[in-house]
Amino acid sequence: DAGEPKYLNTPETLVFSKRSSLFGINLLREGLKEHRYIVVTEGYFDVISLHVHGFSTAVASLGTAVTEEHLAVLERFGVPVVMLLDGDAAGRAAMRRILDLRRPERLDLRAAFIESPDGKEDPDSLVRRPDGKRLVEELIAGARHDILQHYLSDLTARVFSTAPIPEREAAKAEIAHL
């Protein structure tokens with residue numbers, strides 16, 4: 001009902017560490033024979049739908065935000081990692097949180113946002129559209145810049161073109177903090 005969460009996640013235990021485990025990681029080695037990148041999404045259904053549509057290197061964190069441990073695991077594969085994020089405020093906040101993490105030096109970490117008029121499109125719904133596979137391929141191919149550069153470009157485009165002065169000043173402080 002309305003009072004219950006959408007998903008109930010398993011808590012961490014001594015045996016099960018969500019901080020370093022990724023949903024779908026067991027399929028990566030086979031998928032990397034075809035694709036030379038890894039796609040990280042925010043949800044299990046995103047990973048399942050992407051795999052069904054041929055994106056066999058999709059993974060997701062296990063009910064938690066991406067951690068430094070996740071990034072260390074992903075670095076070991078030696079290929080670019082594309083964070084495929086929802087274009088809403090939560091997706092942008094997720095990217096911002098990643099910037100606060102200690103990132104492995106050799107990790108090629110990039111970002112792509114799924115933009116939609118209502119902000120409700122996610123990898124699962126996007127890839128299931130009639131032209132979805134092509135759209136996801138374009139998002140991945142378009143993720144050419146490091147995640148920090150992407151964040152700064154996105155922030156600049158959103159804030160400095162139309163935002164009032166206080167928001168611009170807050171954005172300047174944010175950039176200085178990075």
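So, here's what we can say about the structure. Not measured: the values here are computed from a predicted model.

On to the layout of surface pockets. Estimated volume of the largest pocket: approximately 500 Å³. The set of elements that each furnish at least two residues to the lining of the largest pocket consists of strand 2 (38-41), helix 2 (44-52), strand 4 (81-86) and helix 4 (89-99). Here the lining of the largest pocket is built from residues that sort into ten nonpolar, six polar and seven charged.

Remark on secondary structure: sheet strands pair via backbone hydrogen bonds, oriented parallel or antiparallel. Taken in spatial order, the five strands line up as 1-3-2-4-5 in an open sheet, and their pairing is mixed. On the outer flanks of this sheet lie strand 1 (22-23) and strand 5 (109-114), each paired with one strand and no other. With six bridges joining them, strand 4 and strand 5 adopt parallel strand pairing. Of the residues in strand 5, the one forming a bridge with Asp86 is Ile114. Strand contacts of helix 7 (residues 147-159): strand 4 and strand 5, with the helix running at about 40 degrees to strand 5, the strand carrying the most contacts.

So, about a nonpolar patch on the surface. A cluster of nonpolar side chains, namely Phe45, Ile48 and Val52, defines an oily patch on the protein surface of about 310 Å² accessible area. Note that Phe45 resides in helix 2.

Quick look at the pattern of salt bridges now. All told, the structure shown has twelve salt bridges when counted by the stated rule. Across the pair Glu121 and Arg129 runs a salt bridge whose closest N-O atoms are separated by 2.9 Å. Taking the relative accessible area as the measure of exposure, Arg129 reaches 34% and is therefore partly exposed. Connected through shared salt-bridge partners, Glu121, Arg129, Asp131, Arg134 and Glu138 make up one network.

As a further point, take the pairing of strand 5. The buried fraction of strand 5 is high, at six of six residues. What you see with strand 5 is no split at all: Leu109, Ala111 and Phe113 on one side and Arg110, Ala112 and Ile114 on the other are buried throughout. Between the parallel pair strand 4 and strand 5, the chain is carried across by helix 4, and the sense of this crossover is right-handed.

Within the largest apolar cluster, 30 residues are counted, with the highest numbers of intra-cluster contacts made by Ile38, Val40, Leu74, Met83, Leu109 and Ile147. Every element with two or more residues in this core is listed here: strand 2, helix 3 (68-75), strand 4, helix 4, strand 5 and helix 7. Contact partners of Leu74, with chain neighbours within four places excluded, come to Leu22, Ile38, Val40, Val59, Val81 and Leu107.

Right, let's get into the side chain of Ser56. Note that Ser56 resides in the loop between helix 2 and strand 3 (58-61). Beyond its immediate stretch of four places on either side in the chain, Ser56 contacts Leu27, Gly31, Glu34, His35 and His51.

Right, let's talk about helix 4 for a bit. Within the span of helix 4, buried status applies to Gly91, Arg92, Ala94, Met95, Arg96, Ile98 and Leu99. Where helix 4 is buried, its residues touch strand 4, strand 5, helix 7 and helix 8 (165-177).

For the rest of this paragraph, the subject is the pairing of strand 2. What you see with strand 2 is no split at all: Ile38 and Val40 on one side and Val39 and Thr41 on the other are buried throughout. Summarising the sheet, strand 2 and strand 4 pair through three bridges and their orientation is parallel. Following the sheet pairing, Ile38 is matched in strand 4 by Val81. Summarising the sheet, strand 2 and strand 3 pair through three bridges and their orientation is parallel. Bridge pairing links Thr41 to Ala60 in strand 3.

Definitions and limits used
- Residues numbered from 1 in each chain as written.
- Predicted model: local features only at pLDDT ≥ 70, side-chain atom pairs only at ≥ 80, totals over all residues.
- Heavy atoms only, no water.
- 1 Å grid on protein atoms, 1.4 Å probe; cavity = no way out; pocket = protein on both sides within 12 Å on 5 of 7 lines; lining within 4 Å.
- Points joined across faces, edges and corners; volume = space filled by probe spheres on them.
- Helix = DSSP H or I, 4+ residues; strand = E, 2+ residues; numbered from the N terminus.
- Nonpolar A, V, L, I, M, F, W, Y, C, P; charged D, E, K, R; others polar.
- Pairing = 2+ DSSP bridges.
- Contact = heavy atoms within 4.5 Å.
- Axes fitted to C-alpha atoms, helices over the stretch in contact; angles between N-to-C directions.
- Patch = residues over 30% accessible without salt bridge, like charges linked within 9 Å, V, L, I, M, F, W, Y side chains within 5 Å.
- Areas by Shrake-Rupley, 256 points an atom, 1.4 Å probe, with all protein chains shown as cover.
- Salt bridge = Lys/Arg side-chain N within 4 Å of Asp/Glu carboxyl O.
- Buried < 20%, exposed > 50% of the residue type's maximum accessible area, 1.4 Å probe, protein only.
- Right-handed = clockwise from strand over helix to strand, strands pointing away.
- Core = buried A, V, L, I, M, F, W, Y, C linked by side-chain atoms within 4.5 Å.

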